[in-house]
Amino acid sequence: GDTNKTMATASPPLISSLNSTSTSFRTRTSLPTCSFSPKLLRPLASFSVKASRKQVEIVFDPDERLNKIGDDVDKEAPLSRLKLFSPCKINVFLRITGKREDGFHDLASLFHVISLGDTIKFSLSPSKSKDRLSTNVSGVPVDARNLIIKALNLYRKKTGSNKFFWIHLDKKVPTGAGLGGGSSNAATALWAANQLNGGLVSEKELQDWSSEIGSDIPFFFSHGAAYCTGRGEIVQDLPSPFPFDLPMVLIKPREACSTAEVYKRLRLDQTSNVDPLTLLENVTNNGVSQSICVNDLELPAFQVLPSLKRLKQRVIASGRGEYDAVFMSGSGSTIVGIGSPDPPQFIYDDEEYKKVFLSEANFMTREANEWYKEPASASATTSSSESRLEIPNEM
């Protein structure tokens with residue numbers, strides 16, 4: 001009895017933890033420490049078997065079970081990492097309606113998100129002074145010139161948050177393509193920062209702030225289809241006028257189009273005179289067609305890059321009616337063919353087009369209060385292990 005009392009006094013944490021674990025342990029602690037009954041050990045043995053059996057189950061299907069355990073842990077813990085899809089956009093039509101006093105141009109355009117996109121992984125950083133950005137593509141800046149870093153700096157400036165991030169950008173959208181890849185990355189970073197800060201502000205605030213760093217960024221806070229005016233930052237959300245199974249092909253030559261160069265050559269007296277609201281009404285009622293897909297930046301872009309005009313003409317001529325419309329997106333240099341996911345045969349045959357960027361895509365939107373979901377076809381090749389965030393070794 002005295003020995004038992006001494007043990008209990010000397011190590012109360014041990015006793016209390018054992019008591020909370022199992023009634024069989026509680027029985028043991030009331031016996032003299034020198035007495036070990038085989039009967040009393042039986043519950044302990046069966047407990048071990050259960051534990052090892054459970055381990056066998058986990059090891060049996062490691063990917064699914066371990067990822068589920070990881071996800072369960074994440075649900076309990078404060079949010080510390082996010083993997084988000086960052087889709088690009090096309091301009092179904094793009095009218096330039098005037099020159100502004102601030103040097104920008106007024107535009108009126110139907111923007112629509114499509115299923116080609118980048119994947120961005122965000123993780124909270126222990127650093128209190130800087131973000132760290134890595135990417136799979138050489139030539140993409142990873143410092144403050146990148147719109148992702150600009151977006152995170154903007155978020156901290158506006159909210160007073162002191163959180164910094166590790167970011168990995170898995171880039172699939174080409175740059176200089178007129179697809180708004182960088183703008184989408186910035187919008188995605190603002191969304192991520194807000195989620196990882198516990199939702200300090202509304203989507204509307206994120207959208208309003210985002211125009212400070214880029215005219216196309218506010219669009220991505222729409223639900224995926226929007227009529228955009230002003231510099232592009234005035235965003236009127238629309239229901240999508242297109243079926244999501246309507247295929248398209250994107251063809252981007254090696255040469256990029258400098259937006260500044262294109263606008264420098266733009267002459268307002270050479271633009272279309274069709275009312276953009278008429279185009280919007282037509283596309284809403286009748287869907288996509290060649291007459292609706294007007295882009296006032298095509299003419300100056302074709303002057304900057306004459307090969308682009310030839311590419312568009314050849315796609316139309318070789319498509320043999322496969323495409324409902326063929327047009328340039330944004331300020332170029334991507335040519336979009338809507339109606340078929342396949343490029344014309346000459347793209348494969350001609351030496352000139354050996355290095356073009358090719359992708360099929362579909363129209364897509366997002367649900368309220370959620371970010372864009374990666375299409376199943378795009379993520380089908382990603383293994384579950386790749387979906388885990390790689391943490392850099394050093395800051």
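Residues numbered from 1 in each chain as written. Predicted model: local features only at pLDDT ≥ 70, side-chain atom pairs only at ≥ 80, totals over all residues. Heavy atoms only, no water.

What about the layout of surface pockets?
Line of reasoning, step 1. Its volume calculated, the largest pocket comes out at about 990 Å³.
Line of reasoning, step 2. Around the largest pocket, the lining comprises 41 residues; the ones closest to its centre are Gly 180, Ser 183, Asp 216, Thr 259 and Ser 331.
Line of reasoning, step 3. Sorting the residues of the lining of the largest pocket by element identifies strand E1 (81–99), strand E2 (105–124), helix H7 (181–196) and helix H9 (259–265) as the ones contributing at least two each.
Line of reasoning, step 4. A per-class count over the lining of the largest pocket returns 18 nonpolar, 18 polar and 5 charged. (1 Å grid on protein atoms, 1.4 Å probe; cavity = no way out; pocket = protein on both sides within 12 Å on 5 of 7 lines; lining within 4 Å. Points joined across faces, edges and corners; volume = space filled by probe spheres on them. Helix = DSSP H or I, 4+ residues; strand = E, 2+ residues; numbered from the N terminus. Nonpolar A, V, L, I, M, F, W, Y, C, P; charged D, E, K, R; others polar.)

Details of the pattern of salt bridges
Line of reasoning, step 1. The full count for this structure, using the stated rule, is 17 salt bridges.
Line of reasoning, step 2. Put simply, Glu 298 and Lys 312 hold a salt bridge, and the shortest N to O gap is 2.8 Å. Placement of Glu 298 in helix H11 (residues 298–304) and of Lys 312 in helix H12 (residues 306–319) is noted, with a sequence separation of 14 residues between them. Lys 312 carries the same exposure label as Glu 298, and that label is buried.
Line of reasoning, step 3. Across the salt bridge formed by Lys 373 and Glu 370, the nearest N and O atoms sit 2.9 Å from each other.
Line of reasoning, step 4. According to the relative accessible area criterion, Lys 373 is exposed, its value standing at 53%.
Line of reasoning, step 5. Classification of Glu 370 as partly exposed rests on a relative accessible area of 32%.
Line of reasoning, step 6. Look at the salt bridges and you will find they share partners, linking Arg 100, Asp 102 and Asp 106 into a network. (Salt bridge = Lys/Arg side-chain N within 4 Å of Asp/Glu carboxyl O. Buried < 20%, exposed > 50% of the residue type's maximum accessible area, 1.4 Å probe, protein only.)

Overview of the packing of aromatic side chains
Line of reasoning, step 1. Tallying each qualifying case throughout the model produces 9 aromatic pairs.
Line of reasoning, step 2. Seen in terms of ring centroids, Tyr 155 and Trp 209 are 6.4 Å apart; in terms of plane orientation they differ by 65°. Their pairing is edge-to-face. Taken together, the residues span a long stretch of sequence, with Tyr 155 in helix H6 (residues 147–159) and Trp 209 in helix H8 (residues 203–210) at a distance of 54 residues.
Line of reasoning, step 3. Accessibility expressed as a relative area gives 1% for Tyr 155, which makes it buried.
Line of reasoning, step 4. By relative accessible area, which is 13% here, Trp 209 ends up buried.
Line of reasoning, step 5. Relative to Tyr 353, the ring of Phe 346 has its centre 5.4 Å away and its plane inclined at 70°; by these criteria the two rings are edge-to-face.
Line of reasoning, step 6. Judged by relative accessible area, Tyr 353 falls into the buried class, the value being 4%.
Line of reasoning, step 7. Of the aromatic side chains, those joined through ring pairs into one cluster are Trp 191, Phe 221, Trp 371 and Tyr 372.
Line of reasoning, step 8. For the cation-ring pair, Arg 231 lies above Phe 104, with the distance from its terminal atom to the ring centre recorded as 4.9 Å.
Line of reasoning, step 9. Cation over ring: Arg 366 sits above Tyr 372, and NZ or CZ is 5.6 Å from the ring centre. (Phe/Tyr/Trp six-rings, centres within 6.5 Å; stacked < 30°, edge-to-face > 60°. Lys NZ or Arg CZ within 6 Å of the ring centre and 35° of its normal.)

Let's talk about H12
Line of reasoning, step 1. Between its first and last C-alpha atoms H12 spans 20 Å; for 14 residues at 1.5 Å apiece the expected length is 20 Å, and the two agree.
Line of reasoning, step 2. Tucked into the core, H12 has its buried residues touching strand E7 (247–252), H11, strand E8 (325–328), strand E9 (335–338) and helix H13 (346–349).
Line of reasoning, step 3. Residue Arg 320 follows H12 closely and has a positive phi angle near 45°. (Expected span 1.5 Å × (residues − 1). Contact = heavy atoms within 4.5 Å.)

Some details on the confidence of the model for the chain
Line of reasoning, step 1. The share of residues in the chain with pLDDT of 70 or more is 75%, and the mean pLDDT across the chain is 83.
Line of reasoning, step 2. Segment residues 1–62: pLDDT under 50, and 22 contacts once partners within four positions in sequence are set aside and those in other chains are kept.
Line of reasoning, step 3. Across residues 379–395, where pLDDT falls below 50, the model places 29 contacts with residues more than four positions away in sequence or in other chains. (pLDDT = per-residue confidence, 0-100.)

Some remarks on the nonpolar core
Line of reasoning, step 1. With 61 residues, the main nonpolar core has Phe 122, Ile 148, Ile 167, Leu 308 and Leu 311 as its most contacted residues.
Line of reasoning, step 2. If you look at the next biggest cluster of nonpolar residues, it comprises 30 residues, including Phe 242, Met 248, Cys 293 and Ala 361. (Core = buried A, V, L, I, M, F, W, Y, C linked by side-chain atoms within 4.5 Å.)

Re the packing of H6 against H7
Line of reasoning, step 1. Between H6 and H7, the shortest axis-to-axis distance is 8 Å and the interhelical angle comes to 35°. Considering how the two elements wind past one another, H6 and H7 form a crossing that is right-handed. Here Leu 147, Ile 148, Ala 151, Leu 152, Leu 154 and Tyr 155 of H6 come into contact with H7, specifically with Gly 182, Ser 183, Asn 185, Ala 186, Ala 189, Leu 190, Ala 193 and Asn 194.
Line of reasoning, step 2. Its residues assigned to classes, the contact of H6 with H7 comprises 10 nonpolar, 4 polar and no charged. (Axes fitted to C-alpha atoms, helices over the stretch in contact; angles between N-to-C directions. Left-handed = near helix turned anticlockwise from the far one by under 90°.)

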